[in-house]
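The lines below spell out each chain.
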Amino acid sequence: MNFTILLNLLTSFTLAYFAIPSIVKISHSKSLFDVPDQRKLNKVVVPTLGGVSIFLGLVLSSLIFMNGTGGFGFRYLFAALVMMFFIGMKDDLIILSANRKLFVQILAAIILVVLGNYKISNFYGLANVVEVSEWISIPFSILFIIFIMNAVNLIDGIDGLAAGISLLISFCFGIWFYFTGHADYGTACFALTGSLLAFLRFNLWGGNNKVFMGDTGSLILGTFLATIAIKFNELNFTTYNDLYVKHAPIFILGLFIVPVTDTLRVFTIRLRDKRSPFDPDMNHFHHLLIKSGMTHIQASGFLVTYTGLFTIFALTIQQYASITIGFAIMLTMSFCLVGAIFFRMKRIEERNILEEATSRSKTISLDFWRTSNNREETDRSSQKSRAIQ
């Protein structure tokens, strides 16, 4: 089994790794770029079709190494991924309206939940709810998938962030699926892990082959990770070994803590300002870190570490608190930390403004002093000239 995992990782990595230079070459020849504007942090044009390589590595490697024990649900998962692939590519190439993208997201979520049976029916006692009927499970599951789709899309704002967090999530789920006997889902998770490793190589250190994942990549990631999270939640409920996670919803929250916290925060800000929740801005968590002085790699590394620590905390807190209290503590801690970073960023901005104002004041004073001296010298020269005459 370990050899299969390694071979799967190597195959998906290779497929994505060798696809990206060709994608970049085509993007340059056809001028398919992410053009910088006042809202984007990149300052040079970069190809945006890196999501194509992620899709190839994920789907092809999964199909090669799956043994068919995952059930019929995979056909609907791959159908939803294909839908996200094409709608994402279209948005990267010609830019679609938010409403049109949302319509396709809803359709893909319905296919996954109703036909693929990816439904959240167990809440493990969260808010005193254990199992729910299909009338609650179906709409809740559809909303969950759509929320995660958009949450992952929203954190794709700096180099390495969406891919780094998605890699951590897929790796954790892959380990759990493999060692609980659900090999096909483990195969899919490790196929995504290998693809993301190749993508990160070019996204962070690509040089002339630098690439962004675009909406193609972020929508595929959001769809896959939301579906896998639901499958984990349901399979874990009937797992009877050492890998059983007592409070699965808290573990899922720990893995998705950055996109969940960030999305809830920016949606709240936009609604407070009487704007659409989908209106773009620069209020995201990663924007705060960049404004506080971090580089892209530092900010992404910080947030991936943040995710890892919250995931460990989620596994720890289930031993000491009820699921409802633990869930509330996790969210509260995350929002408090984001608030602390926000106020730190504000202090840095105020200090920079003060230093700039002080520097400008000194420059004006120096210019005034030089001008006054020049006038005095001119006056003295004039007086001497008149005295000689």
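As shown above, the structure is provided for reference.
On a predicted model such as this, the values are computed, not experimentally measured, just so you know.

(A) Here's a closer look at the overall build of the protein. For the protein, the count of helices and strands is 13 helices and 4 strands. Evaluated residue by residue, the protein yields a buried proportion of 49% over its 389 residues. A separation of at least 24 residues holds for 73% of the contacts in the protein among residues at least 6 apart in sequence.

(B) Fine view of helix α6 (residues 161-179). In this model, α6 (19 residues) spans 28 Å end to end at C-alpha, consistent with the 27 Å of a helix rising 1.5 Å per residue. Counting buried positions over the 19 residues of α6 gives 14, a clear majority of the element. Backbone geometry just after α6 places Gly-181 at a positive phi near 90°.

(C) Structural view of the state of the cysteines. Tallied over the entire structure, the rule returns 0 disulfides. The closest cysteine sulfur to the non-disulfide-bonded Cys-172 is located on Cys-189, 9.9 Å from its own sulfur.

(D) Molecular detail of the environment of Lys-210. Residue position: Lys-210 is located in the loop between α7 (183-205) and α8 (214-236). Taking the C-alpha atoms as reference, Lys-210 lies 7.7 Å from Val-24; in sequence the two are 186 residues apart. When sequence neighbours within four positions are dropped, the list of residues in contact with Lys-210 reads Val-24, Val-46, Pro-47, Asp-159, Phe-202 and Asn-203. Side-chain polar atoms of Lys-210 contact the side chain of Asp-159, separated by 2.7 Å.

(E) Molecular detail of the environment of Asp-215. Tracing the backbone shows Asp-215 in helix α8. Along the primary structure Asp-215 and Gly-88 are separated by 127 residues, whereas in three dimensions their C-alpha atoms are 4.8 Å apart.

(F) Just unusual backbone geometry, in detail. Positive phi is not limited to glycine here, since Tyr-124 has a value of about 60°. You can call Tyr-124 buried: its relative accessible area is 10%. Although it is not a glycine, Asn-128 sits at a positive phi angle of roughly 65°. Asn-128 sits in the exposed class, given a relative accessible area of 76%.

(G) Seen up close, helix α3 (residues 73-94). Its 22 residues place the ends of α3 32 Å apart at the C-alpha level, agreeing with the 32 Å of an ideal helix rising 1.5 Å per residue. Here α3 has its buried residues at Gly-73, Phe-74, Leu-77, Phe-78, Ala-80, Leu-81, Met-84, Phe-85, Ile-87, Gly-88, Asp-91 and Asp-92. Along its buried surface, α3 packs onto α2 (50-65), α4 (98-115), α5 (134-154), α7 and α8. Within two residues after α3, Ile-95 carries a phi angle of roughly 65°, on the positive side.

(H) Seen up close, the layout of surface pockets. When its volume is computed, the second largest pocket comes out at roughly 510 Å³. For the second largest pocket, the lining is made up of 20 residues, of which Ile-120, Phe-140, Phe-144, Ile-252 and Phe-327 are closest to its centre. When contributions to the lining of the second largest pocket are tallied by element, the ones reaching two or more residues are β3 (122-126), α5, α8, α9 (248-255), α10 (257-272) and α13 (323-388). Sort the elements by how many residues they give to the lining of the second largest pocket and α5 lands first, with 5 residues. For the lining of the second largest pocket, the per-class residue count stands at 18 nonpolar, 2 polar and no charged.

(I) The packing of α7 against α8, seen in detail. Running from amino to carboxyl end, α7 crosses α8 at an angle of 150°, the nearest separation of the two axes being 12 Å. By the angle between their axes, α7 is roughly antiparallel relative to α8. For the pair α7 and α8, the crossing hand works out as left-handed. Contacts from Tyr-185, Ala-188, Cys-189, Leu-192 and Leu-196 in α7 reach Leu-221, Phe-224, Leu-225, Ile-228 and Lys-231 in α8. Its residues assigned to classes, the contact of α7 with α8 comprises 9 nonpolar, no polar and 1 charged.

(J) Structural context of the packing of aromatic side chains. If you walk through the whole model with that rule in mind, you get 22 aromatic pairs. With 6.1 Å between their ring centres and 40° between their planes, Phe-302 and Tyr-306 make a pair best called tilted. Here Phe-302 and its partner Tyr-306 are both found in helix α12 (residues 296-317), 4 residues apart, which amounts to about one turn of the helix. Residue classification places Tyr-306 among the buried positions, given a relative accessible area of 6%. For the ring pair Tyr-306 and Phe-310, a centre distance of 4.8 Å and an interplane angle of 35° mean the geometry is tilted.

(K) Summary view of the pairing of β3. Within β3, 5 of the 5 residues are buried, leaving the element largely enclosed by the surrounding structure. As paired elements, β3 and strand β4 (residues 129-131) share 2 bridges and run antiparallel to each other. Note that in β4 the partner of Leu-126 across the bridge is Val-129. Counted between consecutive antiparallel strands, the loop separating β3 from β4 contains 2 residues, among which Ala-127 sits at a positive phi close to 55°.

What counts and how
- Residues numbered from 1 in each chain as written.
- Predicted model: local features only at pLDDT ≥ 70, side-chain atom pairs only at ≥ 80, totals over all residues.
- Heavy atoms only, no water.
- Helix = DSSP H or I, 4+ residues; strand = E, 2+ residues; numbered from the N terminus.
- Buried < 20%, exposed > 50% of the residue type's maximum accessible area, 1.4 Å probe, protein only.
- Contact = heavy atoms within 4.5 Å.
- Expected span 1.5 Å × (residues − 1).
- Disulfide = S-S within 2.5 Å.
- Polar contact = N/O pair within 3.5 Å; in protein donor to acceptor, adjacent residues only side chain to side chain.
- 1 Å grid on protein atoms, 1.4 Å probe; cavity = no way out; pocket = protein on both sides within 12 Å on 5 of 7 lines; lining within 4 Å.
- Points joined across faces, edges and corners; volume = space filled by probe spheres on them.
- Nonpolar A, V, L, I, M, F, W, Y, C, P; charged D, E, K, R; others polar.
- Axes fitted to C-alpha atoms, helices over the stretch in contact; angles between N-to-C directions.
- Parallel < 35°, antiparallel > 145°, perpendicular 65-115°, else oblique.
- Left-handed = near helix turned anticlockwise from the far one by under 90°.
- Phe/Tyr/Trp six-rings, centres within 6.5 Å; stacked < 30°, edge-to-face > 60°.
- Pairing = 2+ DSSP bridges.

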